[in-house]
Amino acid sequence: MAPLVSVVVPVWNVVRLLPRCLDSLLAQQHRPLEIIVVDDGSTDGSDEVMLAYHEHHPEVHVITQRHRGIGPARNAGLSIAHGEYVCFVDADDWVDTDFVSHLVGVAQEDRKSVV
């Protein structure tokens, strides 16, 4: 079975760009996958987008916090991540469908070379 991968997405006021980011993560070829979006005190409706995705996609988890910046938002997501591997994607980015599977392949090859 493929390893669980956690993708942490810190979110702050990116309501127009967030759907493209989340859609690209939901389209990943690698499964199982959990997507942790951290609302870092958004005031533009980003929180509503995140909650709508959570409602329709069980692999999307939402954390909300007051605005503290990208580092604390990443740490909040990391604190609940269950994946064997964790990666970060910024909310104003999107990724190819093989993004996660490529990262897992590189990590597993690296692990073999160390043993």
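Preceding this section is the structure that the text describes.
Quick summary incoming for the structure in this document. Quick caveat: nothing in here was measured; it's all calculated off a predicted structure.

This paragraph deals with the overall build of the chain. Of the regular secondary structure elements, the chain holds four helices and four strands. When its helices and strands are written in sequence order, the chain yields β-α-β-α-β-α-β-α. In terms of overall size, the chain behaves like a compact globule, its C-alpha atoms giving a radius of gyration of 14 Å where 115 residues would be expected to give roughly 13 Å. Put simply, the chain has 115 residues, and 40% of those count as buried. Expressed as a percentage of contacts within the chain between residues at least 6 apart in sequence, the contacts between residues at least 24 apart total 81%. Entry remark: accessible area of the chain is about 6,400 Å², with carbon and sulfur atoms responsible for 54%. When the 8 basic and 17 acidic side-chain charges of the chain are each reduced to a single mean position, those positions are 4 Å apart.

One pass over the structure, following the stated rule, counts two salt bridges. In this structure, Arg31 engages Glu59 in a salt bridge whose closest nitrogen and oxygen atoms are separated by 4.0 Å. One end of the pair, Arg31, is in the loop between helix 1 (18-26) and strand 2 (33-40); the other, Glu59, is in the loop between helix 2 (46-56) and strand 3 (60-65), and 28 residues separate them in sequence.

Turning our eyes to something else, we now look at the pairing of strand 2. Most of strand 2 is tucked away, with eight of its eight residues classed as buried. On strand 2, burial covers both faces: Leu33, Ile35, Val37 and Asp39 on one face and Glu34, Ile36, Val38 and Asp40 on the other are all buried. Examined bridge by bridge, strand 1 (residues 5-11) and strand 2 share seven bridges and lie parallel to one another. Its bridge partner being in strand 2, Val7 is matched across the sheet by Ile35. Where the polypeptide runs from strand 1 across helix 1 and back to strand 2, its parallel neighbour, the crossover connection is right-handed. As paired elements, strand 2 and strand 3 share six bridges and run parallel to each other. Residue Asp39 lies in a different strand from strand 3, and its bridge partner there is Thr64. In the classification by handedness, the crossover that spans strand 2, the intervening helix 2 and the parallel strand 3 is right-handed.

Definitions and cut-offs
Residues numbered from 1 in each chain as written. Predicted model: local features only at pLDDT ≥ 70, side-chain atom pairs only at ≥ 80, totals over all residues. Heavy atoms only, no water. Helix = DSSP H or I, 4+ residues; strand = E, 2+ residues; numbered from the N terminus. Rg over C-alpha atoms; globule rule 2.2 N^0.38 Å. Buried < 20%, exposed > 50% of the residue type's maximum accessible area, 1.4 Å probe, protein only. Contact = heavy atoms within 4.5 Å. Areas by Shrake-Rupley, 256 points an atom, 1.4 Å probe, with all protein chains shown as cover. Lys, Arg positive; Asp, Glu negative; His and termini not counted. Charge placed at Lys NZ, Arg CZ, Asp CG, Glu CD. Salt bridge = Lys/Arg side-chain N within 4 Å of Asp/Glu carboxyl O. Pairing = 2+ DSSP bridges. Right-handed = clockwise from strand over helix to strand, strands pointing away.

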